[in-house]
Every structure is written in structure tokens, then in C-alpha cells.
Amino acid sequence: MNTWIVAIALSLTVIIFLIVLVLYARGFFRRRTPYRANNLPPPDAPSFAITIASLSDSFVEHAQTAGFWVEAEQIFDARLEAIRSAEHSIEFETYIMTPGRRAEDFAKAIVQKASQGVLVRLLADKYGAKSIPENYWRRLRSAGVEVRIFNPFSWRDPFYYLRRNHRKLLLIDRKKAFIGGAGVSDDWDGSEEEGYKRPWYDYEVEFQGSVIARLNGLFLQHWLDAGGTVDLSGVRPQPESRVQEAIALVSAGEDPTWRDSGLRSLYQALVQAARERVWLSSPYFLPDRNTRAVLVAAKRRGLDVRVITMGHRNDKQFVRYASRELYDELLQGGVEIYEYQPSMMHAKAILIDDAWVSLGSANFDPRSFFQNDELNLSTVEDALIKKVEGLFQDAFSRSRGISRRDLARRGLRERLVARLSLIFYWEL
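Quantities reported herein were computed from a predicted structural model and do not represent experimental measurements. (Residues numbered from 1 in each chain as written. Predicted model: local features only at pLDDT ≥ 70, side-chain atom pairs only at ≥ 80, totals over all residues. Heavy atoms only, no water.)

Asks: Explain the packing of aromatic side chains residue by residue, including any values.
Replies: This model, assessed by the stated rule, comprises 19 aromatic pairs. Relative to Phe364, the ring of Tyr267 lies with its centre 5.3 Å away and its plane at 15 degrees, an arrangement referred to as stacked. Of the two residues, Tyr267 is situated in helix α7 (residues 262-273) and Phe364 in the loop between β15 (356-360) and α11 (366-370); the sequence distance between them amounts to 97 residues. Looking at Tyr267, the relative accessible area reads 2%, which means it is buried. Seen in terms of ring centroids, Trp279 and Phe396 are 5.3 Å apart; in terms of plane orientation they differ by 90 degrees. Their pairing is edge-to-face. Note that Trp279 is positioned in strand β11 (residues 277-281) and Phe396 in helix α12 (residues 382-397), a separation of 117 residues in sequence. On the basis of relative accessibility, which here comes to 4%, the residue Trp279 falls in the buried class. A relative accessible area of 11% places Phe396 in the buried class. Here the aromatic residues Tyr267, Phe285, Phe364, Phe369 and Phe370 are joined through ring pairs into a cluster of three or more. (Phe/Tyr/Trp six-rings, centres within 6.5 Å; stacked < 30°, edge-to-face > 60°. Helix = DSSP H or I, 4+ residues; strand = E, 2+ residues; numbered from the N terminus. Buried < 20%, exposed > 50% of the residue type's maximum accessible area, 1.4 Å probe, protein only.)

Set out below in C-alpha cells:
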């Protein structure tokens, strides 16, 4: 009996030591540098765009919104229609792909275009598309679709596998760009629960204009990084900005680090520059200590600060539990937090005053800030700001405000899962 106890104790000691060693190697115990920027120009100032771009390593471009869709049916129909309209090229990169109707519809559409001589390039993240069978990729390749897999596991650098391509970008003929949060998966249609099925709450935006050249360049960088070949002989020069195009910042969180994170800088600078309101939407909401302080400081300046995140219907319950463990400091500081009720809330956006909106693939969490390759586009276009404002208002109306009393009522299991999950905070 004593031998078994000693063996178990030794085993636990070894496991704990290995966990601490991995966390140490991943920088868990590193002291974080506070991010403070004082006296930023107001969002409507002429110097605002270049100031934010400089702080966040973003590119100043121009863009025009040509479409805005919400939830699965609209999003996937818009993508398929765009793919069928392609005459020269289709370039698509995504994170999540899973077997099912959506993946099958997507395959049929791009196979048909490839058979017509259209250049089709597909870049899928290895981890996000891990459930797609090999015969799916063979089918696409045999039809002429160029397929590359981003960051497959290598024993030569196992920790690098934690880096993921979280972008969702569809380019058609290098004239249209679709940006949003949806992968290629039936998950976005929702699941049967309590006798009914509700789609995930997400959006997709179509952009046109001179920004396309920049977005195409970012795609080609990833394509080369994944081992693809690029022929630049037919690349057209970047078109000149048209009067109706609005200023747009392209933030390509490319291989970020804890010290150099463009998306972290973008989000925190936007919050610190706001004068009236900060409306933030992120399903995986795990703000670090400095980011929580930035949000609370905005509230203390008298701003309307609201956060909407996923509720009890979600795809990662342990992340929700970990997120709720961080609510108290924000609620104490007056920040309003809402949890979406009907289904999984997957939309990622931040609305600053009536002046700027930033949307794309980045969550308000350490993985998007410090590990993933992300893609956000921020713009002053009034029409898009109004659409995103409507998206927020609709989501708030279908959400439940969280209070400190709600946190106090959490069960022991939730608190325990939350504490254990936060040990791996920087990897969630």
C-alpha cells in the first residue's frame, strides 16, 4: 500500500514539474509590460488613422463596403455566389474546416471553377482543419485546386505548432475581399438543443477598392510561407483610391509575440482614444490585466463601455468559465458585460464612438494577441459603422447582462474548471 502511495506521489510530482516546465518555456511567468498611451488624438481627428497605424503596425489603405451578411445562410450563400462569379482567380484562407454540408458545397463550387480554368488556391490551417479527411484534399487537388496546409506539426519545433492561421479571407479576381469570422463548417448552422436549432451569431463583410492589393499581398505571404509558389508576372498595379472609398487600416497580426503584438496595440489604442463609447464583441473574451485596466479606465472617463460575449450555448465551455473568472474586476469598474443567449456568439468587432469600427478574425484574448496570425480591417465608413451598430443592438437585445451576484452564484465545478483553465491562460 505504501509503495502505491509513493508511486502515485512521484507520478504527480513529475506531472506537475513537467507542466511548470512547459509553462516556463512558454513564458507564463514572464513579467508583462503595461501598455499605456496618453493623449491620443480623438477618433475623428485627421491624424488619428496614421497614429493608430503607427502604434499597431497597420497599413493605411482605402476601402468601400459592398456587402454585409449575418448568420450562416446569408454568409455561406454570399461566398458561394462570389465563387461562382469568379473569372480569373479564387484565393481563400481559413482556420476552421470540418466535414459536412458546408464543406461539400464549398468543394463543389471551387472544383467547378477550377475545371473552367480559374486559378483556385486554398490555404487551410492544419489544426483547424484536422478533421477533414485526406481524400477531401485529394479530390480538390485532382480537380486542379492548389491546396496548402498551414503549419503542420514538426518534431523539430513542436511548440511552433501552437501558432495558428486564424484568418478568414476570400479574394475573388483580386477585386473583391470577404472578411469575417466564419469557417467552412456546419457548426455555424447551430446544433439541436432543447428542441430547436439556432445559427451561430456571426457576420461577413465584402470590401472593394484599393485595399484589395494589400489583402492579396498578405494572402500571398501566407501562401509562400506554406510552401506555395507565386507567379507575379500577371499582377496588376494597385488601383488609385476613388472618392467614395473610406480610410481603412489593415492589421495583419503576423507571428506576434508578447512584446510585439499589432492586434493588442490596435485594440488597446482604440479603447484609450475613444471619447464616447466602446462596444466590444468577442466570443473568447480573456483580457489580460493590462487590457482590463484599459477598459476600466475608459469607463472611469465616462464612456459607455459594453462587452458582449458567448453565453451558456457555446463551443468551448471551459473558456467561458475562465472568462467569467475575470469578470469581477471589470464589473467593479462599471464595465457592462452581456452574454448572448440564443446560440453561440462568434462575431468579433469593436465600435469606437460613431467614428471607427474594427472587425475581422481577432478575439479579445491572448491567443489572438500573442500567438495567432489574424486579420482585422478598421474603417471610418459611416454605412458600415451603422450596420455594425445595428448588429450590436440586436445582440444586446438577445443577451443577458451579468452582475457580480451572478458570479457569486457560480457552482464549485465551474469555479474549479475556471481556475484550472487559467493555468493555461496564454494557450486558451
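On we go.
Asks: Quick rundown of the packing of α7 against helix α8 (residues 289-300)? Include the residues and the values.
Replies: At a minimum axis separation of 9 Å, α7 and α8 run at an interaxial angle of 20 degrees. Looking at the two axes, α7 sits roughly parallel to α8. In this structure, the crossing between α7 and α8 has a hand that is left-handed. Contact residues: Gln268, Val271 and Gln272 in α7; Asn290, Thr291, Val294, Leu295 and Ala298 in α8. (Axes fitted to C-alpha atoms, helices over the stretch in contact; angles between N-to-C directions. Parallel < 35°, antiparallel > 145°, perpendicular 65-115°, else oblique. Left-handed = near helix turned anticlockwise from the far one by under 90°. Contact = heavy atoms within 4.5 Å.)

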